[in-house]
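Survey of secondary and tertiary structure
Letter by letter, the chains look like this.
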Amino acid sequence: GAVVSQHPSRVICKSGTSVKIECRSLDFQATTMFWYRQFPKQSLMLMATSNEGSKATYEQGVEKDKFLINHASLTLSTLTVTSAHPEDSSFYICSARERQGLGYTFGSGTRLTVV
Amino acid sequence: GNSVTQMEGPVTLSEEAFLTINCTYTATGYPSLFWYVQYPGEGLQLLLKATKADDKGSNKGFEATYRKETTSFHLEKGSVQVSDSAVYFCALSAADYKLSFGAGTTVTVRA
């Protein structure tokens, strides 16, 4: 079946630094990729939607300059958390939608801790 | 807008008990409905889905039927196992292809 590889699975960074999270679709072309944030014991909050070759669409309240999303190819999207602060600590999950069909495949998530 | 309301947990059951998690939705048009499962520290896995009214999704002993008249998609399993302990999310996808999630229900099955 469809697989989405997300890396790293865990990252600890110092306040003020930037962190890049990668999401790759391994055996299919992802028309659209979605980035979510999940707080402990809560649901997933959609941050942004990215389509290959175009700018990401951010949900209301999400700072586009802080959460930079690049979707350079049909198999790769990246989320960069810039100038990270402790309040950015969270679980980030990507999801890829296949070019055809209704499948949404999720990455395994990245636990970001900013110290 | 689109929204999903899901039964709040946590739910604690004994092995072989019957599980029901209620899910209702609000959406324009004809959404597709999903149940996802999340194990600790992991991403989401699709459990089952239904794309039109009266469709029944099923997988690993879990079932859910798309009920347009009651705007519901309740998840059921007749006999749960310890390995079913996880967080379950109901979700819908409408014309914009974005997934809207319910709050999640934590299920713990005790041996």
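Structure first, text after, so check above.
All values derive from a computational prediction rather than experimental measurement. (Residues numbered from 1 in each chain as written. Chains lettered and ligands numbered in written order. Predicted model: local features only at pLDDT ≥ 70, side-chain atom pairs only at ≥ 80, totals over all residues. Heavy atoms only, no water.)

**Observations regarding the state of the cysteines**
As a reminder of what qualifies: Criterion for a disulfide: a pair of cysteine sulfur atoms within 2.5 Å. Under the scheme used here, helices are H or I runs from DSSP no shorter than 4 residues and strands are E runs no shorter than 2 residues, and both carry numbers assigned from the N terminus. Buried, partly exposed and exposed residues are distinguished by accessible area as a fraction of the type maximum, computed with a 1.4 Å probe on protein chains only: under 20%, between the cut-offs, and over 50%, respectively.
Taken as a whole and assessed by the stated rule, the structure comprises two disulfides over all chains. For C23(A), the disulfide goes to C94(A), at an S-S distance of 2.0 Å. Measuring handedness by torsion sign, the sulfur bridge of C23(A) and C94(A) sits at about 75° and is right-handed. With a gap of 71 residues between them, C23(A) in strand β3 (residues 19-25) and C94(A) in strand β9 (residues 90-98) connect regions that are remote in the sequence. Grouping residues by exposure puts C23(A) and C94(A) together as buried. Bridging C23(B) to C90(B), the disulfide has an S-S length of 1.9 Å. Handedness of the C23(B)-C90(B) disulfide follows from its S-S torsion of about -70°: it is left-handed. Of the two residues, C23(B) is situated in strand β4 (residues 23-26) and C90(B) in strand β10 (residues 86-93); the sequence distance between them amounts to 67 residues. The pair formed by C23(B) and C90(B) is uniform in burial state, with each residue classed as buried. C94(A) supplies the cysteine sulfur nearest to C13(A), a cysteine that is in no disulfide, at a spacing of 18 Å. We classify C13(A) as buried; its relative accessible area is 8%.

**What about the interface of chain B and chain A?**
Our working definition: The contact definition used throughout considers only heavy atoms, calling two residues in contact when any of these lie within 4.5 Å. Once two parts are joined, some of their accessible surface, as seen by a 1.4 Å probe, is lost; buried area is that loss totalled over both. Every case where a carboxyl oxygen of Asp or Glu lies within 4 Å of a side-chain nitrogen of Lys or Arg is listed as a salt bridge. The definition of a polar contact used here is a pair of N or O atoms within 3.5 Å, where within protein one atom must be able to donate a hydrogen and the other to accept one, and adjacent residues in sequence count solely through side-chain atom pairs. Amino acid classes used here: Ala, Val, Leu, Ile, Met, Phe, Trp, Tyr, Cys and Pro are nonpolar; Asp, Glu, Lys and Arg are charged; the rest, including Gly, are polar.
At the junction of the two partners, chain B supplies 18 residues and chain A supplies 17 residues. A buried area of about 1,400 Å², summed over both sides, lies between chain B and chain A, and 60% of it is on carbon and sulfur atoms. Ranking the residues of chain B by area buried against chain A places L44(B), Y97(B) and K98(B) at the top, with a combined share of 35%. Applying the counting rule to chain B against chain A returns one salt bridge. Residue K98(B) is joined to E59(A) by a salt bridge in which the shortest nitrogen-to-oxygen separation is 2.8 Å. Inspection of the chain B/chain A interface yields six residue pairs in polar contact (both at pLDDT 80 or more). Considering every element that reaches the side of chain B that touches chain A, the biggest residue donor is strand β5 (residues 32-38) of chain B, with four residues. Considering only residue class, the side of chain B that touches chain A consists of eight nonpolar, seven polar and three charged.

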